[in-house]
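What the coordinates show
One letter stands for each residue in the lines below.
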Amino acid sequence: MKKAVENMDTSTGKKIYNLADRLFPITRSITGKGVRETLEIINNEIKDTGYQLTIHEIPTGTPVFDWTVPKEWVIREAYIENEKHEKIIDFKENNLHVLGYSTPVDEWVELDELLEHVYTQEDMPDAIPYVTSYYKERFGFCMSENTKKSLKKNTKYHMYIDSELIEGSLTIGELIIPATEEVFFDDGGEDKKEILISTYTCHPSMANNECSGPSLSAYLIKYVAALPKRRYSYRFVFNPETIGSITYLSQNLEELKKNIAAGFVLSCVGDNRDYSFIPSRYSDTLADRVIENVLKFKEKYTKYSFLDRGSDERQYCSPGVDLPVIGFCRSKYAKYPEYHTSKDDMTLVSEEGFQGSYEAMCEVINALEYNKNYKTKVLCEPQLGKRGLYPTISKKGSYDSILAMRDLIAYADGRNDLIAISEYINVPVKELIPIVDKLMANDLFESVD
Amino acid sequence: MKKAVENMDTSTGKKIYNLADRLFPITRSITGKGVRETLEIINNEIKDTGYQLTIHEIPTGTPVFDWTVPKEWVIREAYIENEKHEKIIDFKENNLHVLGYSTPVDEWVELDELLEHVYTQEDMPDAIPYVTSYYKERFGFCMSENTKKSLKKNTKYHMYIDSELIEGSLTIGELIIPATEEVFFDDGGEDKKEILISTYTCHPSMANNECSGPSLSAYLIKYVAALPKRRYSYRFVFNPETIGSITYLSQNLEELKKNIAAGFVLSCVGDNRDYSFIPSRYSDTLADRVIENVLKFKEKYTKYSFLDRGSDERQYCSPGVDLPVIGFCRSKYAKYPEYHTSKDDMTLVSEEGFQGSYEAMCEVINALEYNKNYKTKVLCEPQLGKRGLYPTISKKGSYDSILAMRDLIAYADGRNDLIAISEYINVPVKELIPIVDKLMANDLFESVD
Amino acid sequence: MKKAVENMDTSTGKKIYNLADRLFPITRSITGKGVRETLEIINNEIKDTGYQLTIHEIPTGTPVFDWTVPKEWVIREAYIENEKHEKIIDFKENNLHVLGYSTPVDEWVELDELLEHVYTQEDMPDAIPYVTSYYKERFGFCMSENTKKSLKKNTKYHMYIDSELIEGSLTIGELIIPATEEVFFDDGGEDKKEILISTYTCHPSMANNECSGPSLSAYLIKYVAALPKRRYSYRFVFNPETIGSITYLSQNLEELKKNIAAGFVLSCVGDNRDYSFIPSRYSDTLADRVIENVLKFKEKYTKYSFLDRGSDERQYCSPGVDLPVIGFCRSKYAKYPEYHTSKDDMTLVSEEGFQGSYEAMCEVINALEYNKNYKTKVLCEPQLGKRGLYPTISKKGSYDSILAMRDLIAYADGRNDLIAISEYINVPVKELIPIVDKLMANDLFESVD
């Protein structure tokens, strides 16, 4: 694993960006062919790993806990034109122009009536807002406040939407990469033996709040698949937000409760502004511990409250589900100005942003893989000198370079996992991993349960 | 209960003030007819509730733990006059002029000898201090420092006190209002099933540090009696401070230890300066939790230390007694300048002060009544929309109004009582109560043990 | 014990200073006759107590956990001379001039070759650094940077060291002063029944970082021996740092793990700059609690981190050894500028410094002796007045003087030891001890297990 980390390609961010760029134009919603196209592109991207997402189609009408899988939305065309047949807005130019899950319409109306179906973002006059109405049938159009202001009285407008709500299905992509037969430690895997990485595929053309998560997930699939040893299995889930995770949970709850050791919802992971996370309900799970440990050694990060939750951690952490899952973001959804508008485009995300998210999540994975309870095998401090691990001459100042090793040994009493030791001694796990390897090789360390 | 809260009469503070004003002139001590008159007025005030205080008379000499019920003090007259028979001070003008529990005296003396029996408050020269000597027989007079300075040498003074210490009794008032047959929840009441509200009746004419507590208690009796449902029984105790609570505890300890879920000592609850409370010994009881929860959503409050205790929480929280009791005050006794002087009069307390204390204690009672462990009955988030509890269109910003409901549901995992949830989600219990009602009505919530 | 405390001789600091002054000139290392001379002087100093250190000699080559007892170092002469036979440095003038554990040498060399064997402290140009090479055989000289700069090219220097590494032994001094037959409380002593006081004897002429610890220990032996009653036994250990404590632990581990209730490593206890301590691994032992309690009532103190450990607490607190031991210092080793140089001489330590350390450690001992769980024997507050423990007249302000007693009683519920109560009520243990005596004498207190 260390090798994999050292060889980490600094241009991975660029590749993730390019993948996101290909996903960007697709018209996605919580159901429909946009989701399927998205998952097909992901599967194409990860082909070299030998793994493929399994695509699950869950039929309209399937009861999922307190909810029901909705009808599938088919959207073909949507525009408003004026009496001169000039298009005011056209779905072909920006798929945000149509209210998500709009029913069809084909009517000439006065301005007043038109405006009952128009949504804008008043505080950002040149942005098209993203609006949906999944659970009540209505139709509508989204436009910039500027466009709205250009509309005229005493003329008619043609509202046209060619859409259908059909008995179809909801689409979920899933991939489990199993633990390797040869593992790091002789315990043959953990009781809770899976790491969950979940992201969503349900928004149309939004870069950070849609395309970034699936694109990063694809590259984490590549990273995990390339690991020479894996103590954990890795479960990657791509689903439409909220209804998708509810559906997935309703069909896999017992297995997930039994297996998941830590889970991460990836959302808005492409910009380069901040690192942040949304803790689980009591902020006390392995997922909380590992993400905070990794982020605290970065320049700065924001720990939100569970009260700020908004993506699928809402479902994973709900009462009775109680999975150890946190939300990982750069700028958090609903906290950055471009959120849920046409401004959340490919200029908002960057290669650097993706690279940082990728490295952070790889660190998380490595930390989890090495996160055992270690125990020093000798009583009192070991004589590091005779093993070439210590300077042979004692002089003021000469101790500094091996402090991390000595402190790691001092807390390796079998009570602490590696993350806990990292916190006690204030050294990043990624710097402790090579020392663990060295101490294991010198038979000074063992891992205990 | 919600109804009761909504109908809360904003002029209740005025009524409490008027009651305190009637109690003010009475000469009370830890025993004697002043206490009996006080309790009679309280009983008259609560007549409309159908409940009356039971009056307990505990005879002089009764052993009560480490103490003995003292002789009953009878005070008829007390003055100092000069050679011209001019009264320097007269108990008839202010009952603070005589040292509490003074033995009788009838002597003409020189100034030097007189001054051995005179108490003043040097830092407040125009105030008469309140001084007592319950457990060592002596006599004495209290006067302002100014009056003391006006006394002359080379003239004689007549010290006159007509009092007796007789074999009588100590008087305690007690009322238990039982839980109603129909309760909020199907658990038929709690294991610990009583709320204790205790106050003292032992100081002569002091407004905040005497009359405010019994007057507020009387109006809480009215509030509790009017509740349509009560999960808890309510035990109201009126006793002389220290010796009274020791006496009451010595006769009821096992029952109290078995029954009391939370208790409140009311003292100095009539001024309008601050809200404050004195925590229990480890600051960890239900009483501590509910009072701090209610006060933290007010403008400001002071949490004192148990080291600042001074009223009957001293006994209720003593080792081996260990009741979950806190002290509730506006300005805390011994912390405001007028304390234990003639300046603690009816101008120090106000209708607004009483109204605030009354509302705070009603909030405490409501919070206790609703303070169950709730559990959401569906897995994942419930679909609030189909029950009309959620907006049907999703747009940036539209979530805010139902955040409290969503957060309440998210923490309703059966591990937290309502006070704990209020702390987690930072919403006052009084705002959560109507949401609980709504969620119970929609069968989304149940209460668990 | 109270008597002993009250009679504490304020000139004890002077006596400790004088003892340190006698120890200063001796050439000590981790083995050899310097250690034996040091222990002989200690034994001479404590002769009046009737106790003597037992001297243990552990042979070269003895395996001690991961280590082996090294050869014994014999050093007779060491100097560098120039071609005119002028001595550049001479071990006779300052025993720091020779690298600790140097092998012999007798060679005339050019400057370049000489410098390969010369150690200086560049940031303190007039100080000779203290350098050792215990575990790799080499020879070397230490000198000031100024002396080094005065050396000339194109001339020869004579490196001369007359030393030997022989099959000898490592020397440890040990003394156990047993608990007295009559103890404070009727429990006949504790499960964990020893207090450990450990210090080191392995540096040549350094005042604070060598002589201060053994000198203070000698006077604590006198203090403990003079106590009229002892609930605990006291184990004093004098050993060479690191290898000595490893050796001692390897031979006594099971007994120590069974018996030690709290332990203190004394190092750098002679200067008058600061009080400080190095906590145990989790900062949660009785030793941590008592030292912090005593120091927090002093003007100021520094609580270091376990990460700052450097003396024998490294071994006592290592995984699997896990003894409740902390390090006690004034200025902490490695944190003051003179550390491990010739500037750490008898001007750095002072009578005041030693007196302060002595008093702090006596307070620690007294606190441990009295540190029982006390329980008030009456319910509700006891009537202190009838026992002459309370003023008989109640007036604003008159309570203050007995607050400590009342607060002590209020927390004496059998759940807290005396240190915990001191923390709750913010009164030093040394002020609580006479109150405990008074309450025990009045049969108001008992100690519980």
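Going by the structure above, here's the rest.
Residues numbered from 1 in each chain as written. Chains lettered and ligands numbered in written order. Predicted model: local features only at pLDDT ≥ 70, side-chain atom pairs only at ≥ 80, totals over all residues. Heavy atoms only, no water.

A few words now on the overall build of chain A. Tallying secondary structure elements over chain A gives 13 helices and 19 strands in all. Scored against the burial criterion, the 449 residues of chain A give a buried share of 63%. Sequence separation of 24 or more characterises 80% of the internal contacts of chain A that already satisfy a separation of 6 or more. Positive and negative charge centroids in chain A, built from 54 and 71 side chains respectively, lie 5 Å apart. (Helix = DSSP H or I, 4+ residues; strand = E, 2+ residues; numbered from the N terminus. Buried < 20%, exposed > 50% of the residue type's maximum accessible area, 1.4 Å probe, protein only. Contact = heavy atoms within 4.5 Å. Lys, Arg positive; Asp, Glu negative; His and termini not counted. Charge placed at Lys NZ, Arg CZ, Asp CG, Glu CD.)

Turning to the pattern of salt bridges, a few remarks are in order. For the structure on display, the rule yields 93 salt bridges over all chains. Taking the shortest distance from any N to any O, the salt bridge between Glu57(B) and Arg36(B) comes out at 2.8 Å. Of the two residues, Glu57(B) is situated in strand S1 (residues 54-59) and Arg36(B) in helix H3 (residues 33-45); the sequence distance between them amounts to 21 residues. Given a relative accessible area of 36%, Glu57(B) falls into the partly exposed group. Take Arg36(B): its relative accessible area is 25%, and that puts it in the partly exposed class. A salt bridge links Asp90(C) to Lys87(C); the nearest nitrogen and oxygen atoms lie 3.9 Å apart. (Salt bridge = Lys/Arg side-chain N within 4 Å of Asp/Glu carboxyl O.)

Once that is clear, we can look at empty space enclosed by the protein. It is a probe the size of a water molecule, rolled over the atoms, that shows where empty space is left. Residue and element names in this part refer to chain C. Summed over all chains, the structure comprises 3 cavities of 30 Å³ or more. Its boundaries defined by the atoms lining it, the largest cavity holds a volume of some 90 Å³. Contributing to the lining of the largest cavity are Thr27, Arg28, Ser29, Trp73, Phe91, Asn95, Leu96, Val98, Gly100, Tyr130, Thr132 and Pro204. For the lining of the largest cavity, a count of residues per class yields 6 nonpolar, 5 polar and 1 charged. (1 Å grid on protein atoms, 1.4 Å probe; cavity = no way out; pocket = protein on both sides within 12 Å on 5 of 7 lines; lining within 4 Å. Points joined across faces, edges and corners; volume = space filled by probe spheres on them. Nonpolar A, V, L, I, M, F, W, Y, C, P; charged D, E, K, R; others polar.)

Below, the discussion takes up the sheet that holds strand S9 (residues 156-166) of chain B. All names here are of chain B. Spatial strand order, S5-S4-S9-S6: 4 strands in an open sheet with antiparallel pairing. Every other strand in the sheet has two partners, leaving strand S5 (87-90) and strand S6 (105-110) as the edge strands with one partner each. Pairwise comparison of adjacent strand axes, ignoring direction, gives a mean angle of 15° for this sheet. Sheet topology note: the strand S4 (residues 72-82)/S9 ladder contains 10 bridges and is antiparallel. In the strand pairing of S9, Asn82 is matched with Tyr157. (Pairing = 2+ DSSP bridges. Axes fitted to C-alpha atoms, helices over the stretch in contact; angles between N-to-C directions.)

Quick look at the interface of chain B and chain C now. Taken together, the contact between chain B and chain C spans 30 residues of the former and 25 residues of the latter. Interface area for chain B against chain C, summed over the two sides, is near 2700 Å², with a carbon-plus-sulfur share of 51%. Linking chain B to chain C there are 14 residue pairs in polar contact (both at pLDDT 80 or more). Of all elements in the fold, only helix H7 (243-259) and helix H9 (313-316) of chain B reach the threshold of two or more residues within the side of chain B that touches chain C. If you tally residues by element for the side of chain B that touches chain C, the top one is H7(B), at 3 residues. Split into classes, the residues belonging to the side of chain B that touches chain C amount to 16 nonpolar, 8 polar and 6 charged. (Buried area = accessible area lost by both parts, 1.4 Å probe. Polar contact = N/O pair within 3.5 Å; in protein donor to acceptor, adjacent residues only side chain to side chain.)

Residue and element names in this part refer to chain B. Axis separation between helix H8 (residues 286-296) and helix H12 (residues 418-425) bottoms out at 10 Å; the angle between their running directions is 40°. Relative to H12, the element H8 lies oblique. Helix-helix and strand crossings are classified by hand; for H8 and H12 the assignment is left-handed. Listed contacts from H12 to Leu286, Arg289, Val290, Asn293 and Lys296 of H8 are Ile419, Ala420, Ser422 and Glu423. (Parallel < 35°, antiparallel > 145°, perpendicular 65-115°, else oblique. Left-handed = near helix turned anticlockwise from the far one by under 90°.)

The subject of this paragraph is the relation of the copies chain B and chain C. Overlay of chain B on chain C (RMSD 0.1 Å): rotation 120°, translation along the axis 0.0 Å. As the rotation angle and translation indicate, the two copies are arranged about a three-fold axis. When C-alpha positions in chain B are compared against the rotation axis, the closest is assigned to Asp284(B), at 13 Å. (Least-squares fit on C-alpha atoms with pLDDT ≥ 70 in both.)

Our focus in this paragraph is the interface of chain B and chain A. Taken together, the contact between chain B and chain A spans 25 residues of the former and 30 residues of the latter. Between chain B and chain A, roughly 2700 Å² of surface is buried when both sides are summed, and carbon and sulfur atoms account for 51% of that area. If you look at where chain B meets chain A, you find 5 salt bridges. Measuring nitrogen to oxygen at the nearest pair gives 2.6 Å for the salt bridge that ties Glu381(B) to Arg314(A).

Let's shift gears to the pairing of strand S16 (residues 325-329) of chain C. Look at any regular strand and the pattern is simple: side chains alternate between the two faces of the sheet. Residue and element names in this part refer to chain C. Where burial is concerned, most of S16 is hidden: 5 out of the 5 residues are buried. Burial of the side chains of S16 extends over both faces: Val325, Gly327 and Cys329 are buried on one face and Ile326 and Phe328 on the other. Where strand S13 (residues 260-266) and S16 come together, 4 bridges link them in parallel fashion. Its bridge partner lying in S16, Leu266 is registered against Phe328. Pairing geometry for strand S14 (residues 276-278) and S16, over 3 bridges, is antiparallel. Residue Ser276 lies in a different strand from S16, and its bridge partner there is Cys329.

Further remarks concern the packing of helix H6 (residues 207-226) of chain B against helix H10 (residues 351-370) of chain B. All names here are of chain B. The interhelical angle for the contact between H6 and H10, taken along N-to-C directions, is 45°, at an axis separation of 10 Å. When the axes of H6 and H10 are compared, the pair comes out oblique. As for the relative orientation of H6 and H10, their crossing is right-handed in sense. Side by side, H6 and H10 meet where Ser212, Leu216, Tyr219, Leu220, Tyr223 and Val224 of the first sit next to Phe354, Ser357, Tyr358, Met361, Cys362, Ile365 and Asn366 of the second.

As a further point, take the state of the cysteines. If you walk through the whole model with that rule in mind, you get 0 disulfides over all chains. No disulfide involves Cys268(A); its sulfur sits 5.3 Å from that of Cys329(A), the nearest cysteine. (Disulfide = S-S within 2.5 Å.)

Bringing H12(B) into the picture now. Residue and element names in this part refer to chain B. By the criterion of burial, H12 is predominantly enclosed, with 6 of the 8 residues buried. Turning to H12, its buried residues are Leu418, Ile419, Ala420, Ile421, Ser422 and Ile425. Where the residues of H12 are buried, they touch H8, H10, strand S17 (373-376), helix H11 (403-411), strand S18 (413-417) and helix H13 (429-441). Asn426 sits one or two residues past H12 and shows a positive phi near 60°.

Attention now goes to the sheet that holds S16(C). Strand pairs in the sheet, formed through backbone hydrogen bonds, run parallel or antiparallel to each other. All names here are of chain C. The sheet built from 8 strands is open, its strands ordered S1-S10-S12-S11-S13-S16-S14-S15 with mixed pairing. Each of the sheet's edge strands pairs with one partner strand only, and the pair in question is strand S1 (54-59) and strand S15 (302-303). Along the sheet face, helix H3 (residues 33-45) touches S1, strand S10 (169-177) and strand S12 (233-239) and points at about 20° away from the line of S10.

This next bit is on a negative patch on the surface. All names here are of chain A. Together, Glu83, Asp106, Glu107, Glu110, Asp112, Glu113 and Glu116 line one region of the surface with negative charge. Within the residue set of the negative patch, elements represented by two or more residues are strand S6 (105-110) and helix H4 (111-115). Looking at the negative patch, the element that brings in the most residues is S6, giving 3 residues. Topologically, Glu110 is positioned in strand S6. (Patch = residues over 30% accessible without salt bridge, like charges linked within 9 Å, V, L, I, M, F, W, Y side chains within 5 Å. Areas by Shrake-Rupley, 256 points an atom, 1.4 Å probe, with all protein chains shown as cover.)

All names here are of chain A. Phi at Thr242 takes a positive value of approximately 65°, unusual for a residue other than glycine. By the secondary structure assignment, Thr242 is in the loop between strand S12 (233-239) and helix H7 (243-259). Of note in the backbone geometry, Asp322 takes a positive phi value of approximately 55° without being a glycine. Summarising the element assignment, Asp322 is placed in the loop between helix H9 (313-316) and strand S16 (325-329). For Asp322, a relative accessible area of 41% corresponds to the partly exposed category.

With that out of the way, let us pick up the environment of Gly353(C). With respect to the helices and strands, Gly353(C) occurs in helix H10 (residues 351-370). When sequence neighbours within four positions are dropped, the list of residues in contact with Gly353(C) reads Val269(C), Gly270(C), Asp271(C), Asn272(C) and Arg330(C).

The subject of this paragraph is the nonpolar core. All names here are of chain A. Counting 136 residues, the largest nonpolar core has Leu220, Phe236, Phe264, Phe328 and Leu408 as its most contacted members. Sort the elements by how many residues they give to this core and helix H10 (residues 351-370) lands first, with 10 residues. The residues contacting Phe328, other than those within four sequence positions of it, are Val265, Leu266, Ser267, Val269, Tyr275, Ser276, Ile291, Leu295, Ser357, Ala360 and Met361. (Core = buried A, V, L, I, M, F, W, Y, C linked by side-chain atoms within 4.5 Å.)

Further remarks concern the packing of aromatic side chains. The final tally for this structure, using the stated rule, is 42 aromatic pairs over all chains. With 4.7 Å between their ring centres and 10° between their planes, Tyr411(B) and Tyr424(B) make a pair best called stacked. Taken as a pair, Tyr411(B) in helix H11 and Tyr424(B) in helix H12 lie far apart in primary sequence, 13 residues in all. Ring geometry for Tyr101(C) versus Tyr134(C): centroids 5.4 Å apart, planes at 85°, classification edge-to-face. (Phe/Tyr/Trp six-rings, centres within 6.5 Å; stacked < 30°, edge-to-face > 60°.)

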